[in-house]
Amino acid sequence: MTGGDSLDVAAARAAIAAAIRPITGRETLPLRQALGRILAEDVISPIDVPAHDNSAMDGYAFAGSALVDGLETVLRVAATVHAGDVPTMTTAPGDCVRIMTGAVMPPGLDTVVPQELCRLEDGRIHIAPGTLRAGDNRRLRGEDLTRGRPAVAAGQRLRPADLGLIASLGIAEVAVVRRLRVALFSTGNELRTLGQPLNAGCIYDSNRYSLMGALDRLGVEVIDLGLVRDDPEALATTLDEAIARADVVLTSGGVSVGDADFTKDLLARRGEIAFWKVAMRPGRPFAFGPLRRAEQADAAWLFALPGNPVAALVTFYAFVRDALLTLGGAAPQPLPVLRARCTTAVRKRPGRTEFQRGIVSPDADGRWAVRLTGTQGAGVLRSMSEANALVVLGHAQGSVAAGDEVEVWLFDGLV
Ligand SMILES: Nc1nc2c(c(=O)[nH]1)N[C@H]1C(S)=C(S)[C@@H](COP(=O)(O)OP(=O)(O)OC[C@H]3O[C@@H](n4cnc5c(N)ncnc54)[C@H](O)[C@@H]3O)O[C@H]1N2
Ligand code: MOO
Ligand SMILES: [Mg+2]
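Residues numbered from 1 in each chain as written. Chains lettered and ligands numbered in written order. Predicted model: local features only at pLDDT ≥ 70, side-chain atom pairs only at ≥ 80, totals over all residues. Heavy atoms only, no water.

Draft legend 1. The arrangement of the packing of aromatic side chains in detail. What the rule picks out here adds up to eight aromatic pairs. An angle of 35° between the planes, with centres 5.2 Å apart, marks the rings of Y317 and F411 as tilted. Remark: F411 occurs in the segment after β26 (405-410) and Y317 occurs in helix α6 (residues 309-327); sequence separation between them is 94 residues. Through a chain of ring-to-ring contacts, the aromatic side chains of F275, F286, F288, W301, F303 and F319 assemble into a single cluster. The ring of Y60 is capped by R98, whose NZ or CZ atom sits 5.3 Å from the centre of that ring. (Phe/Tyr/Trp six-rings, centres within 6.5 Å; stacked < 30°, edge-to-face > 60°. Helix = DSSP H or I, 4+ residues; strand = E, 2+ residues; numbered from the N terminus. Lys NZ or Arg CZ within 6 Å of the ring centre and 35° of its normal.)

Draft legend 2. Representation of the coordination of the magnesium ion (ligand 3) in the model. Of the protein atoms, only D261 (OD) and D261 (OD) coordinate the magnesium ion (ligand 3), at distances of 2.4 Å. Mapping D261 onto the fold places it in the loop between β17 (248-252) and α5 (263-270). (Donors = N, O, S within 2.8 Å, 3.2 Å for Na, K, Ca; no water.)

Draft legend 3. The arrangement of the domain arrangement of the protein chain in detail. In terms of domains, the protein chain is made up of domain 1 (9-24 + 178-327), domain 2 (26-49 + 144-177), domain 3 (54-139) and domain 4 (337-414). Just the C-alpha atoms count here: the centres of domain 1 and domain 2 sit 33 Å apart. Each partner contributes to the interface: domain 1 provides eight residues, whereas domain 2 provides six residues. Across the domain 1/domain 2 interface, buried area totals approximately 600 Å², and carbon plus sulfur atoms make up 45% of it. Three residues stand out in domain 1 for area buried against domain 2, namely T24, R178 and L325, and they jointly supply 61% of the buried area on that side. Where domain 1 meets domain 2, there are zero salt bridges. (Domains from an automatic or database assignment. Contact = heavy atoms within 4.5 Å. Buried area = accessible area lost by both parts, 1.4 Å probe. Salt bridge = Lys/Arg side-chain N within 4 Å of Asp/Glu carboxyl O.)

Draft legend 4. Geometry of the site of ligand 2. As a matter of local geometry, ligand 2 sits amid P282, G283, R284, P285, N308, A311 and A378. Measuring from an oxygen atom of ligand 2, one finds a backbone N or O atom of G283 at 2.4 Å. Between R284 and ligand 2, the recorded distance is 3.4 Å, taken from a backbone N or O atom to an oxygen atom. Across the shell around ligand 2, the residue classes tally to four nonpolar, two polar and one charged. (Near = heavy atom within 4 Å. Polar contact = N/O pair within 3.5 Å; in protein donor to acceptor, adjacent residues only side chain to side chain. Nonpolar A, V, L, I, M, F, W, Y, C, P; charged D, E, K, R; others polar.)

Draft legend 5. Quick look at the site of ligand 1. Around ligand 1, 22 residues are found, and the nearest of them are E190, D205, S256, D261 and G307. Between E190 and ligand 1, the recorded distance is 2.6 Å, taken from a side-chain N or O atom to an oxygen atom. A distance of 3.2 Å separates an oxygen atom of ligand 1 from a polar atom in the backbone of N308. Protein chains shield 68% of the accessible area of ligand 1, which is 870 Å² for the free molecule. Listed by contribution, the elements that provide at least two residues to the shell around ligand 1 are β13 (181-187) and β15 (203-204). (Areas by Shrake-Rupley, 256 points an atom, 1.4 Å probe, with all protein chains shown as cover.)

Draft legend 6. Spatial organisation of the side chain of S383. In this fold, S383 is placed in helix α7 (residues 382-385). Taking the relative accessible area as the measure of exposure, S383 reaches 0% and is therefore buried. Here V380 takes part through its backbone oxygen, which lies 2.7 Å from a polar atom of the side chain of S383. Ignoring anything within four residues of it in the chain, the contact list for S383 reads V310, R357, T373, T375, Q376 and G377. (Buried < 20%, exposed > 50% of the residue type's maximum accessible area, 1.4 Å probe, protein only.)

Draft legend 7. Spotlight on the pairing of β17. Among the five residues in β17, five count as buried, and that is most of the element. Alternating residues of β17 divide into V248, L250 and S252 and V249 and T251, and every residue in both groups is buried. Relative to strand β21 (residues 300-305), β17 runs parallel, the two being bridged by five bridges. Paired with V249 across the strands is L302, a residue of β21. (Pairing = 2+ DSSP bridges.)

Draft legend 8. Representation of the sheet that holds β17 in the model. Across the sheet, which stays open at both edges, the six strands sit in the order β16-β13-β17-β21-β20-β18 with mixed pairing between neighbours. The open sheet is flanked by β16 (221-228) and β18 (275-276), the only strands paired with a single partner. Those strands touched by helix α4 (residues 232-245) are β13, β16, β17, β20 (287-291) and β21, and its axis lies near 175° from that of β16. (Axes fitted to C-alpha atoms, helices over the stretch in contact; angles between N-to-C directions.)

Draft legend 9. Focus on a nonpolar patch on the surface. On the surface, L194, L198, Y204 and Y209 cluster together to form a nonpolar patch covering roughly 380 Å² of accessible area. Looking at where Y209 falls in the secondary structure, it is placed in helix α3 (residues 207-218). Owing to a relative accessible area of 40%, Y209 belongs among the partly exposed residues under this scheme. (Patch = residues over 30% accessible without salt bridge, like charges linked within 9 Å, V, L, I, M, F, W, Y side chains within 5 Å.)

Draft legend 10. Molecular detail of the UniProt feature "domain: MoaB/Mog" (unreviewed entry) in the protein chain. This chain's UniProt record puts "domain: MoaB/Mog" (unreviewed entry) on residues 183-326. Spanning residues 183-326, this segment combines 36% helix with 26% strand, and its end C-alpha atoms are found 17 Å apart. (UniProt positions renumbered as here; feature names shortened; annotations may be inferred.)

Structure follows, in C-alpha cells:
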C-alpha cells in the first residue's frame, strides 16, 4: 500500500508479523555470558531438583506419625545432620534428629519442627498440640524440577533467575540464537553529531541515541552507521552497506513527502514497500519492507522510522520492538498493558490510533491513574523522557473525558 490510504496500527503489526521469520543461527555460550540472550533449545533437567527430600528449617526431624491430635509430642534427640551429610541412621519410634536447613532428611522421617516452635529440655523436645502437621517443613525431592522435564523453554530471553535455574541443574553452557544484527543510521542535512558545533539551522542527532538505547535493551548487535545526508547517492551507499552487514536496517527521517525525503523511494528500488503510512499519531509516515541481498536467499528488513524524535520512538515500540524479538527467536513479550483512569481530557477524532505519553501511578484509592506529560508534539522528546507509559487511544475511539479509562502500555526494564 503506497498511496494516500493508511493502514491501521493493528493491520500494520499483523503485516509485519506475517512477513518475518526468526533467524536460524545458533551459538553455544557459557552460562555467565548468556544473560539477555534468547535460548535456542529447551533446557531439559538431567536431575531431580532438589535431589533429596530435605529440611526447610533449622530444627528437629521426626516421623509425622508421632503427632497425635490434642496431645503434646515429646521426642528424644538421637542424632544430628548438617547440610551436606548423607544420613543413614535409623530412628527408633519416639526419637528425633537435630537437623539444619538444606540437610537431607534421615530415612523414615518426614516432618521438621522449627526449633523456635518447640522446647528443648534434657535432650528432649516438646511440641505443643496443634503446632504442625505431618510433612511440614520438608522440601520434597523433585518439587522444583523433575528429571527429563523442560526447565526453561526455547525462546526465553534469559534472565537472572533462568541462569540460576540452569546452574542448579549443573548445566554450564547453553545454546542461544545468534544475536540479531541491526544496522541503523539517521538521515538529514540538518543533523549534527555530538561534539560538532551546532551551526545555524542545525540540530543534534538525538534519534540515533534513543534508538541505540532501545536496541541495546533488546540485546541485539547494533551496527551504527552514523549520519547520512539527504542525498540519494550517499543514502544508497550507506543502505547497501547496511544490507550487506545486517538482518535489519533501521533508519530515521526522510520517509515523508518532502523534497528531500528519499528513504522510502530507496526502499522501493532496493526491495519492496510492504506498506507506507499508518493511521496513527505520531508516526504516520513509517515504511516497512524487505531489502534484497546479493547472493542471499533471505531478505534484510527495513524499518524506516519518521524523523520526528517522538514519532521515531513510538513507531519503534509499536512495530519494531516485537518484530526484533520475533526475528531474534524470542517468544512474544508484549509490553505490559493495563487500563488506567486518565486524569486529563484528550481531544481525539476516530480513524487513527494516538500514542500519548503519560505517567502511570496509583491514585489515593490504589487504582491506576495516568496523567499526560505536558505538550504532546511529535518533536517534544521531553514528553517521552518523563513518561513511563504510552497512552494508547484506539483507532475507533473519540475524545476522552477526564476520569475515563484508557489503555496504557507500560515501559518495563526491557524497553
Ligand atoms: N506535507 C506533509 N508533511 C509532513 C507529513 C505529511 O503527512 N505531509 N508528515 C509529518 C509527520 S507526521 C512527520 S513524523 C514527519 C516525518 O518526516 P520524515 O520522516 O521525512 O523526517 P524528516 O523530514 O527528515 O524530519 C522530520 C523532523 O524530525 C527531525 N529529525 C529528523 N531526524 C532527526 C534525528 N536523527 N534527531 C533529531 N531530530 C531529527 C527533523 O529535523 C525534522 O524536524 O513529516 C511531517 N511532514
Ligand atoms: O506523526 Mo508525525 O510522526 O507526528 O510527527
Ligand atoms: Mg521529511
